[in-house]
Amino acid sequence: MRNTHLSYSRISRFAQCPLAYRFHYLDRRRGMPGAALGLGTLVHAVLEDLVREHMEEERRGALCLERARALYGAHFSRGSLSDPGIFEEGWEMVRRFVREEGALDHRNLLAVEQEFRLAIGRFTVLGFIDRVDLGEGRTAHILDYKTNRLLFTEEELHTSLQMSLYELAVREIWPWIERVEMAFVMLRHGVRQTTRRTPEQLEAARAYIEAMGERMEAATDFPPRLNPNCGYCDHRAHCPTYQGVLEGAVAPPAELATEPAEMAVQWHEVSSAARILYGRKRELERSLMPYLKQHDVLETDARSFRLLPVREHRYPATALLPHLQRLTGRPERELVERLCVIEQGALDNLLADLGRDLSPARQRLLRAEVDSLAEVVTSQRLIAQEHKS
C-alpha cells in the first residue's frame, strides 16, 4: 500500500511493531492512549501554549508560573485523565520546567511546534518540532520535550532518527543556519540531553528513511512484536500478544538458556512481558488506592487488602551533625564527608530558583561550575536495541 506520506511516528511504529502500525495507519483503528501517553500529550500542549504566548506577545524574562498553572488546569479539564496522582505528576514537570527555563527572550525563539514537509527520495516526510531557539553565531537549538521515566543511553541519544530528521528539516526551513545543536528536554529529571549530527549521519538517516518507506509499502504481513513499550501502546486492547501475556498464554521458556545469544533473546522476552504485567499492576493500584483510603480494607474470598504505612527516617543535617560531633568527638568535616551527599533533584531546584535572577550566560556558568564539583557514579543497565536494516 502506497504511503501518502511518512513521519517519524509512522516509521518508528512500523519498526517496533508491524501489527500496531497496521492497526493505526492501515486499519485506522481508534487508539486507546494509556496514562503515560495521555500525560505526555497534556504536558506538551501546556508547554507549547506557554512558550508560544511568550513569543507572540514579545516578552522578555521568566515564563509566568501562574499562567502555566491556568493552562495546565484548562488542558487537564478537557482531557480524559482523572487520577489526582497523574495530575500532580504532570504539574510538577510543568512547574519545574518554568522554574528551570529562567529568562527567555522572545527574539531568541525561532519557532514553536514548527511544521515541516521534507522531500526524501520519492517520499514526503511530515512532522512537527516542539521548539527551535536561535543561539549565537547562527546556531539553531532544537528542543524536544520528553516525559520519559528513563534517560536515554548515549547510543540511543546519538542514533536517534527523530533528531536526525529534525536537523534535516531545520536546515531546509532556515538555510542560513550554520550550526545545529539538539537536546531532549527530560522534564522528569530537569536534564537536557544534547546531541549533534555529522553530514554522514544525516545522509545515512535519509537513506534509512527511504528504505523503510519502500519496505512499509511492500509489506503484506504485519506480525505483533513483543517489546518493552507494549504496555504503553494505544492498540494493546486489540493485540493478541499483549492479551496473551496478561492471560498467561504467552510466556517465556521455562528453561534457562545456556548460550549468550539465546540468553539475550530470553531476557528481551522476559523484560517485555514483565513491563506489560507491571504496567497492569500500576493501573490496578491507581484504581484500588482511592477505595482503600476510604474503606481501610477490601475483603475477597481468599484475601484481605489494605494500605500498609511505609515509614522512613530522615535526619536534618543541621540538627544531627552537631549532636554526633558532641557524642563522638569526630571533627565536623569528617562527619560531613561520610554522611552528607546533596541529592541532584534538590540541587537542580536550588539552581533553578537562583537562576531566575541571572542572565542565561551566568546560569550556564553557574551550572558548569557546580557540575565540575560533582562526583560521577556510573552504573550499568542492560538494554536491547533493534537493528536498523
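Model, not experiment: these values are computed from the prediction. (Residues numbered from 1 in each chain as written. Predicted model: local features only at pLDDT ≥ 70, side-chain atom pairs only at ≥ 80, totals over all residues. Heavy atoms only, no water.)

Structural notes on unusual backbone geometry
Moving on, step 1. One non-glycine residue with positive phi stands out, namely Arg28, at about 55°.
Moving on, step 2. Position of Arg28 relative to the elements: it lies in the loop between helix H2 (18–26) and helix H3 (35–56). (Helix = DSSP H or I, 4+ residues; strand = E, 2+ residues; numbered from the N terminus.)

Quick look at the side chain of Arg10
Moving on, step 1. Relative to the elements of secondary structure, Arg10 occurs in helix H1 (residues 8–16).
Moving on, step 2. Buried Arg10, no salt bridge; nearest opposite-charge side chain is Glu217, N-O distance 8.8 Å. (Buried < 20%, exposed > 50% of the residue type's maximum accessible area, 1.4 Å probe, protein only. Lys, Arg positive; Asp, Glu negative; His and termini not counted. Salt bridge = Lys/Arg side-chain N within 4 Å of Asp/Glu carboxyl O.)

A few points about the environment of Ile86
Moving on, step 1. You can see Ile86 is positioned in helix H5 (residues 84–101).
Moving on, step 2. With 48 residues separating them in the primary sequence, Ile86 and Gly38 have C-alpha atoms 9.7 Å apart.
Moving on, step 3. Once you skip the residues sitting within four places of it in the chain, Ile86 turns out to touch Ala35, Leu39, Tyr72, Leu81 and Arg286. (Contact = heavy atoms within 4.5 Å.)

Considering the pattern of salt bridges
Moving on, step 1. Under the defined criterion, the tally for this structure stands at 27 salt bridges.
Moving on, step 2. One salt bridge connects Arg52 with Glu48, and the closest N-O pair in it is separated by 2.8 Å. With Arg52 and Glu48 both in helix H3 and four residues apart, the pair spans about one turn of that helix.
Moving on, step 3. A salt bridge links Glu334 to Arg330; the shortest N-O distance between them is 3.8 Å.
Moving on, step 4. The partly exposed category is assigned to Glu334, whose relative accessible area is 24%.
Moving on, step 5. A residue is classified by how much of its surface remains accessible, and Arg330, at 45% relative accessible area, is partly exposed.

Quick word on the pairing of strand E3 (residues 109–120)
Moving on, step 1. Pairing of E3 with strand E4 (residues 123–135) involves ten bridges; the strand directions are antiparallel. Directly across from Ile120, in E4, lies its bridge partner Phe123.
Moving on, step 2. Joining the antiparallel neighbours E3 and E4 is a turn of two residues, in which Gly121 adopts a positive phi near 60°. (Pairing = 2+ DSSP bridges.)

Some words on helix H11 (residues 317–328)
Every α-helix winds through 3.6 residues per turn, so residues three or four apart in the chain are directed the same way.
Moving on, step 1. Given a rise of 1.5 Å per residue, twelve residues ought to cover 16 Å, and the 16 Å separating the end C-alpha atoms of H11 matches this to within 8%.
Moving on, step 2. A positive phi of about 75° marks Gly329, the residue just after H11. (Expected span 1.5 Å × (residues − 1).)

Side note on the environment of Val180
Moving on, step 1. Its location among the elements puts Val180 in strand E6 (residues 179–186).
Moving on, step 2. Sequence-wise, Val180 and Leu134 are 46 residues apart; in three dimensions their C-alpha atoms are separated by 9.6 Å.
Moving on, step 3. Excluding its chain neighbours within four sequence positions, the residues that come into contact with Val180 are Ala140, Ile142, Glu167, Val170, Arg171 and Arg196.

Regarding the nonpolar core
A general tendency of soluble globular proteins is for nonpolar side chains to be buried together.
Moving on, step 1. Counting 36 residues, the largest nonpolar core has Ile11, Ile129, Ile142, Val170 and Ile209 as the members making the most contacts within it.
Moving on, step 2. At the level of secondary structure, the elements contributing two or more residues to this core comprise H1, H2, E3, E4, strand E5 (139–146), helix H7 (161–173), E6 and helix H8 (199–218).
Moving on, step 3. For this core, the leading source of residues is H7, giving seven residues.
Moving on, step 4. Beyond its immediate chain neighbours, meaning those up to four positions away, Ile129 contacts Val112, Glu113, Gln114, Phe116, Ile142, Tyr166, Ala169 and Val170.
Moving on, step 5. Counting 28 residues, the second-largest nonpolar core is a separate cluster that includes Leu42, Val43, Val46 and Met55. (Core = buried A, V, L, I, M, F, W, Y, C linked by side-chain atoms within 4.5 Å.)

As for the packing of H1 against H2
Moving on, step 1. Direction vectors running N to C along H1 and H2 enclose 135°, while the axes themselves pass 5 Å from each other. Our classification of the angle between H1 and H2 gives oblique. Contact with H1, carried on its side by Ser9, Arg10, Arg13, Phe14 and Gln16, involves Pro18, Ala20, Tyr21, His24 and Tyr25 of H2 and no other residues of that element. (Axes fitted to C-alpha atoms, helices over the stretch in contact; angles between N-to-C directions. Parallel < 35°, antiparallel > 145°, perpendicular 65-115°, else oblique.)

Regarding helix H4 (residues 65–78)
Moving on, step 1. With 14 residues, H4 ought to run about 20 Å at 1.5 Å a step, and its terminal C-alpha atoms sit 20 Å apart, in line with that.
Moving on, step 2. Among the residues of H4, Ala68, Leu71, Tyr72, His75 and Phe76 are the ones counted as buried. The buried residues of H4 occupy one face: seen down the axis, they fall within an arc of 130°. Looking at H4, the residues exposed on the side facing more than 90 degrees away from the buried face are Glu66, Ser77 and Arg78.
Moving on, step 3. Elements in contact with the buried residues of H4: H3 and H5. (Arc of directions from axis to C-beta.)

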